[in-house]
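Spelled out from the first residue to the last, the chains are:
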Amino acid sequence: MGTVGLAPGLSRKLKKVLECRTDSPEVVASLNTLSTFYNENTPQARRNLRSTIEKRSLQINLDFLRASQAAQLALDRIEDEVNSLADCCDRIAKALSSCSASTGDIINTTERLKQELEVTTQKQEIVSYFLRDYQLSPQEINALRDEELNENFFKALSHVQEIHANCKILLRTHHQRAGLELMDMMAMYQEGAYERLCRWVQAECRKLGDTDNPEVSELLKTAVRCLKERPVLFKYCAEEVANMRHNALFRRFISALTRGGPGGMPRPIEVHAHDPLRYVGDMLGWLHQALASERELVLALLDPDALIDTGSAANRFSKNLENDFGKIEADLTFVLDRIFEGVCRPFKVRVEQVLQSQPSLIISYKLSNMLEFYCYTISDLLGRETALCNTLWALKDAAQKTFFEILKSRGEKLLRYPPLVAVDLSPPPAVREGVSVLLEIIETYNSMMVPASGKKPAFDPVISALLDPIIQMCEQAAEAHKSKGAGHSSRRGRMSSDSGQLSKSAVDAILSNNNSATFSQNIEAPSKIFLINCLCAIQQPLLGHEVAADYVKKLGMMIDNHVHVFVEKEVDTILRRCGLSMKMHHFYNSLNKDTTVGAPLAELEDTTPASLSECLKAFFGFILGSGSSLPEFEQIQVPKLRSDACIQVARSLADAYELIYNAIMDPKNSYPDPKSLARHPPDQIRTILGI
């Protein structure tokens, strides 16, 4: 069945209706409004919908007109009143126009007078500015010439300087004559004011010497700052301050030494003259405290930064000065050097008397450290190239020289009279005393005060100066003991040689032929053990002290060297007693040379099987026998060192036997029955020796 097409107009309307969105806010709002007056959904109501809406719109407009009728009437009344006001303004404008024509001459005259007043006012201001910038007021002139100095004086002096500077600008214009005249006038005022200021400052500075701890007034600080503009006058005032405080400080120092403080407290420093440390320390502490107070006083006078705000005039004046820190430091050092110059001699004389009174070694060392500390501390405050610092450094060198001279005389005395070696080979009392003194010095060194700008002095020279003579003394004592033992052994050797020539067995002959070597060993071994004991007695207490670490290491090397030499001689003595010492070089050569060169060891006279067999029997008897045993070095007082020496001897003997064993077992040496000759392998010997 065919589809019937719709009319184009109807199709468009239908499409438009279908495409219309019913959920839009406009449609929803329209429908809500429509629901207020569209009550029945009948065909008749739908046909009359347009007319109903139009009637509704017409009714709304009629309601609006009725509601706005009162406002329309009010606006009509306002329009009538505005029209009446406009008529009044027109009448007033006509009246003003007639009045303006009649008063024009008065207005012109007023404008002319106003312009003349402005010109006169400008001239008056120019004259007042000129008078302010180029003239002093009568009050300022009186302030510069009055006898009493106050804040007004410095205000006037500051103004004079400003005028003088302004005149320099005036000279660059066509008013040069006026500028020169004003400059001459201001220079006269300025010079007179500075001379008066200098006299006043000198008088005030003289008063500073009357009291021990004077207070610097703000007015005096300001005056000194002003005088910096005149270096010559400022130098006069600085010298006056230095002289006054120089005399005052000298009196205070002598009073502190002899009379003490007010009422006897604190007590006079010289009361403790019997105690060098406290005596010198009190003097140094007094000088340091005095230097701090004097520096504060002089700094308040000379340093611009020490000036606290004293008013606008002082501030204006300070802005005209340059802060030359280097110049201030030079002036400060000059004044303080002059102040403390007077106390140098009495202080130096008293310290030299202390050093000449032959203080003990510890006291002299503490004095040296104390003086060095104050040398750096006072140099930081006063400067290095000053009289007091030069005195302190000279006294420090003298104290150090005294300390080292005591050490030197102590060492010379020890070397002049070396002690006898004790029977038990223990260190002499001088060693313990020296180490005890050194430990006390180390404690002093560790607790010494170190200034911020300095560092601790080198301690190695002290250790060397104290311990080197002790070590030399021990070496001399050991050498004397060895020489004494050699004399006894030579007499004993002559007595044994004269006792007769008897037939002996081969082993006895070997042992008897080496008696002299045994005696020489007995002579040298005690001296070596004595030296080792002395060095250990010095080294052991110094362990753990950082300042002595290098010297402890040096002592350790010396001990190791003596032990090594001692062990070598002991091993050589044992081999010599067994008859093997003179044969060892044959065994070395045998193992190191070519097999084709030289005869076998069995054919050499010194290393024949029979000779070697007797020597090895003696060696085995020494190692294995109950009557003879390895040396235990019981007289070495350090257990670890004693144990190490025994182990080294055993190891050296085992190495020597291993060398002999390898040479015997070597076929090139042509020993007929090597295993019967060397019955014990090296490992067995090492086990027996306990290594």
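Predicted, not measured: the structure shown is a model, and the values here were computed from it.

Colleague: Talk me through the overall build of the protein; I want residue IDs and the actual numbers.
Modeller: For the protein, the count of helices and strands is 25 helices and zero strands. The buried share of the protein, taken over its 691 residues, is 38%. A fraction of 76% describes how many contacts in the protein between residues 6 or more apart in sequence connect residues 24 or more apart. Surface summary for the protein: the accessible area is close to 40700 Å², and the carbon and sulfur share equals 55%.

Colleague: Lay out the nonpolar core with the relevant residues and their values.
Modeller: By size, the foremost hydrophobic cluster in this structure holds 86 residues, and its most contacted members are I441 and F459. When residues of this core are assigned to their parent elements, the largest contribution, 13 residues, is made by helix 23 (residues 639–665). Discounting chain neighbours no more than four positions away, the residues touching F459 are Y365, L438, I441, I442, Y445 and V547.

Colleague: Give a detailed account of a negative patch on the surface, specifying residues and quantitative values.
Modeller: Residues D76, E79, D80 and E81 make up a contiguous surface patch of negative charge. Relative to the helices and strands, E79 is located in helix 4 (residues 49–134).

Colleague: I'd like a rundown of the packing of aromatic side chains, residues and numbers included.
Modeller: If you walk through the whole model with that rule in mind, you get 12 aromatic pairs. Pairing F373 with Y374 gives two aromatic rings, centres 5.3 Å apart and planes at 80°, and the pair type is edge-to-face. What makes Y374 buried here is its relative accessible area of 13%. Considering the side-chain rings of Y445 and F459, the 4.7 Å spacing of their centres and the 45° angle between planes classify their relative orientation as tilted. Of this pair, Y445 sits in helix 16 (residues 429–446) while F459 sits in the loop between helix 16 and helix 17 (460–497), and the two are 14 residues apart along the sequence. Taken together, the ring pairs connect Y365, F403, F404, Y445 and F459 into an aromatic cluster. Positioned above the aromatic ring of Y445, the side-chain terminus of K456 is 5.0 Å from the ring centre.

Colleague: Kindly report on a nonpolar patch on the surface, identifying the contributing residues and their values.
Modeller: Together, L58, L62, F64 and L65 give the surface a local cluster of nonpolar side chains, amounting to about 420 Å² of exposed area. Within the secondary structure, F64 is located in helix 4. What makes F64 exposed here is its relative accessible area of 56%.

Colleague: Provide a residue-level description of the confidence of the model for the protein, including the pertinent values.
Modeller: Mean pLDDT over the protein works out to 80, with 87% of the residues at or above the 70 mark. Model confidence for the protein, summarised as mean pLDDT per element, is weakest for helix 18 (residues 506–513) at 36 and strongest for helix 13 (residues 344–356) at 93. Confidence drops under a pLDDT of 50 for residues 306–323, and excluding neighbours within four residues, the segment shows 35 contacts in the predicted structure. Scored below 50 in pLDDT, residues 489–521 makes 24 contacts in the model with residues more than four places away or belonging to other chains.

Colleague: Tell me about the side chain of T391, and please be specific about residues and values.
Modeller: Within the secondary structure, T391 sits in helix 15 (residues 387–416). In this structure T391 comes out as buried when scored by relative accessible area, which is 12%. Residues contacting T391, with those up to four places away along its chain left out, are C344, F347 and K348.

Colleague: Lay out helix 21 (residues 584–592) with the relevant residues and their values.
Modeller: Every buried residue belonging to helix 21 is among M584, H586, F587 and S590, and all of these are buried. For helix 21, the buried positions fall inside an angular range of 160° around the axis, keeping them on one side.

Colleague: Mind laying out the pattern of salt bridges, listing which residues take part and the relevant values?
Modeller: According to the stated counting rule, one finds 15 salt bridges in the structure shown. Between R66 and D63 there is a salt bridge, with the nearest N and O atoms lying 2.2 Å from each other. With a gap of three residues between them, R66 and D63 both fall in helix 4, about one helical turn apart. Of the charged contacts in the structure, one is a salt bridge between R350 and E270, with a shortest N-O distance of 2.8 Å. Of this pair, R350 sits in helix 13 while E270 sits in the loop between helix 9 (231–258) and helix 10 (276–302), placing them 80 residues apart in sequence.

Colleague: Break down helix 13 for me, with residues and values.
Modeller: Here helix 13 is 13 residues long and its end C-alpha atoms lie 18 Å apart, about the 18 Å a rise of 1.5 Å per residue gives. Within the sequence span of helix 13, burial applies to C344, P346, F347, R350, V351, V354 and L355. Positive backbone phi, approximately 55°, marks Q358, located one or two places after helix 13.

Analysis parameters
- Residues numbered from 1 in each chain as written.
- Predicted model: local features only at pLDDT ≥ 70, side-chain atom pairs only at ≥ 80, totals over all residues.
- Heavy atoms only, no water.
- Helix = DSSP H or I, 4+ residues; strand = E, 2+ residues; numbered from the N terminus.
- Buried < 20%, exposed > 50% of the residue type's maximum accessible area, 1.4 Å probe, protein only.
- Contact = heavy atoms within 4.5 Å.
- Areas by Shrake-Rupley, 256 points an atom, 1.4 Å probe, with all protein chains shown as cover.
- Core = buried A, V, L, I, M, F, W, Y, C linked by side-chain atoms within 4.5 Å.
- Patch = residues over 30% accessible without salt bridge, like charges linked within 9 Å, V, L, I, M, F, W, Y side chains within 5 Å.
- Salt bridge = Lys/Arg side-chain N within 4 Å of Asp/Glu carboxyl O.
- Lys, Arg positive; Asp, Glu negative; His and termini not counted.
- Charge placed at Lys NZ, Arg CZ, Asp CG, Glu CD.
- Phe/Tyr/Trp six-rings, centres within 6.5 Å; stacked < 30°, edge-to-face > 60°.
- Lys NZ or Arg CZ within 6 Å of the ring centre and 35° of its normal.
- pLDDT = per-residue confidence, 0-100.
- Arc of directions from axis to C-beta.
- Expected span 1.5 Å × (residues − 1).

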